[in-house]
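Take a look at the letters that make up each chain.
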Amino acid sequence: MFLDRDGTINVDVDYLSSPEGVEFIPGSIDAIRELNALGVNVFVITNQSGIARGLLTESDMHAVHGAMHAAMQRHGARIDDFFFCPHHPDAVVEQYRKRCACRKPAPGMLLEAAAKYEINLQASFMIGDKFVDMQAGKAAGTVCIQVCTGYGTAERAAAEGTRDYIADDLFGAVQIVKSIIHQRRQSYE
Ligand SMILES: [Mg+2]
Ligand SMILES: [Zn+2]
């Protein structure tokens, strides 16, 4: 399971740079706990161009992820790993200025996760609010579900032909995933 971060799990406040700024979208922690219960690994796939723009550092971002890990743990949920892209072609910070293969809509982060954890991408899902999430998921071969939180409503029309499903929010998306996984498991029996 690949999840976008901002606008999907937590409220998208432009360039989240501190743990205090983490606000979970209602139901998102419950949704991740349900994914854990299904026995699927949960990976966050996030563009963090604020690092390239000099608005936050990698260590600021790791502090945010640490706070998210802690909040998940308090609620009995778990994110298995975070994959992030700190780059931007017009970066202010030179070391991050590149046209990389990881910034969504490119599928690089999903491919990296797949290699690291031996994931079958065709059996995987990408959930996110933006068109680029759907494009990255499709390019990697996953089933794609767009959520209407974050930029989801604004980018709903743009992602129309790319996504496979649409849901109100992450909790709703996970209900779709559960029914698909349930069907797949039945068909194996
Ligand atoms: Mg997003
Ligand atoms: Zn990148």
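All of the points below concern the structure found in this document. Worth saying up front: this structure is predicted, and the values here are computed from it rather than measured.

**Some words on the pairing of strand β4 (residues 125–128)**
Phase 1: Covered by surrounding structure in β4 are Phe-125 and Ile-127 together with Met-126 and Gly-128, the residues of both alternating faces.
Phase 2: In terms of strand pairing, strand β1 (residues 2–3) meets β4 through two bridges, oriented parallel. Each bridged residue has a counterpart across the sheet, and for Leu-3 the counterpart in β4 is Ile-127.
Phase 3: Relative to strand β5 (residues 143–147), β4 runs parallel, the two sharing four bridges. The partner of Gly-128 across the bridge, within β5, is Gln-146.
Phase 4: Viewed along the sheet, the connection from β4 through helix α5 (residues 131–140) into β5 turns out right-handed.

**A word on the coordination of the magnesium ion (ligand 1)**
Phase 1: Those protein atoms acting as donors to the magnesium ion (ligand 1) are Asp-4 (OD), Asp-6 (O) and Asp-129 (OD), and they sit at 2.1 Å.
Phase 2: In terms of primary sequence, the donors binding the magnesium ion (ligand 1) are separated according to D-x1-D-x122-D. Asp-6 carries the same exposure label as Asp-4, and that label is buried.

**A closer look at the coordination of the zinc ion (ligand 2)**
Phase 1: Those donors, Cys-85 (SG), His-87 (ND1), Cys-100 (SG) and Cys-102 (SG), are the protein atoms that reach the zinc ion (ligand 2), and they lie 2.0 to 2.3 Å from it.
Phase 2: For the zinc ion (ligand 2), the four donor atoms in the first shell make angles of 104 to 118 degrees at the metal, so the coordination geometry reads as tetrahedral.
Phase 3: According to the relative accessible area criterion, Cys-85 is buried, its value standing at 0%.

**Regarding the side chain of Arg-5**
Phase 1: If you trace the backbone, Arg-5 turns up in the loop between β1 and α1 (28–38).
Phase 2: Among the residues examined, Arg-5 registers a relative accessible area of 0% and is labelled buried.

**Focus on the packing of aromatic side chains**
Phase 1: Tallying each qualifying case throughout the model produces four aromatic pairs.
Phase 2: Measuring from centroid to centroid gives 6.0 Å for Phe-43 and Phe-83, while their planes differ by 70 degrees, and the two rings are edge-to-face. You can see Phe-43 sitting in strand β2 (residues 43–47) and its partner Phe-83 sitting in strand β3 (residues 81–85), a full 40 residues away along the chain. Of the two residues, Phe-43 and Phe-83, both sit in the buried class.
Phase 3: On the accessibility criterion, Phe-43 (1% relative accessible area) is buried.

**Thoughts on the nonpolar core**
Phase 1: Membership of the largest hydrophobic core comes to 32 residues, with the highest contact counts inside it found for Leu-3, Ile-32, Leu-35 and Ile-127.
Phase 2: For this core, the elements supplying multiple residues, two or more each, are α1, α3 (58–74), β4, β5 and α6 (170–188).
Phase 3: With residues up to four places along the chain from it excluded, the contact list for Ile-32 reads Leu-3, Ile-9, Val-42, Met-72, Ala-77, Arg-78, Ile-79 and Leu-170.
Phase 4: Counting 18 residues, the second-largest nonpolar core is a separate cluster that includes Ile-45, Cys-102, Ala-113 and Met-134.

Calculation rules
Residues numbered from 1 in each chain as written. Chains lettered and ligands numbered in written order. Predicted model: local features only at pLDDT ≥ 70, side-chain atom pairs only at ≥ 80, totals over all residues. Heavy atoms only, no water. Buried < 20%, exposed > 50% of the residue type's maximum accessible area, 1.4 Å probe, protein only. Helix = DSSP H or I, 4+ residues; strand = E, 2+ residues; numbered from the N terminus. Pairing = 2+ DSSP bridges. Right-handed = clockwise from strand over helix to strand, strands pointing away. Donors = N, O, S within 2.8 Å, 3.2 Å for Na, K, Ca; no water. Tetrahedral: all angles 85-135°; square planar, octahedral: opposite > 155°, others 65-115°. Phe/Tyr/Trp six-rings, centres within 6.5 Å; stacked < 30°, edge-to-face > 60°. Core = buried A, V, L, I, M, F, W, Y, C linked by side-chain atoms within 4.5 Å. Contact = heavy atoms within 4.5 Å.

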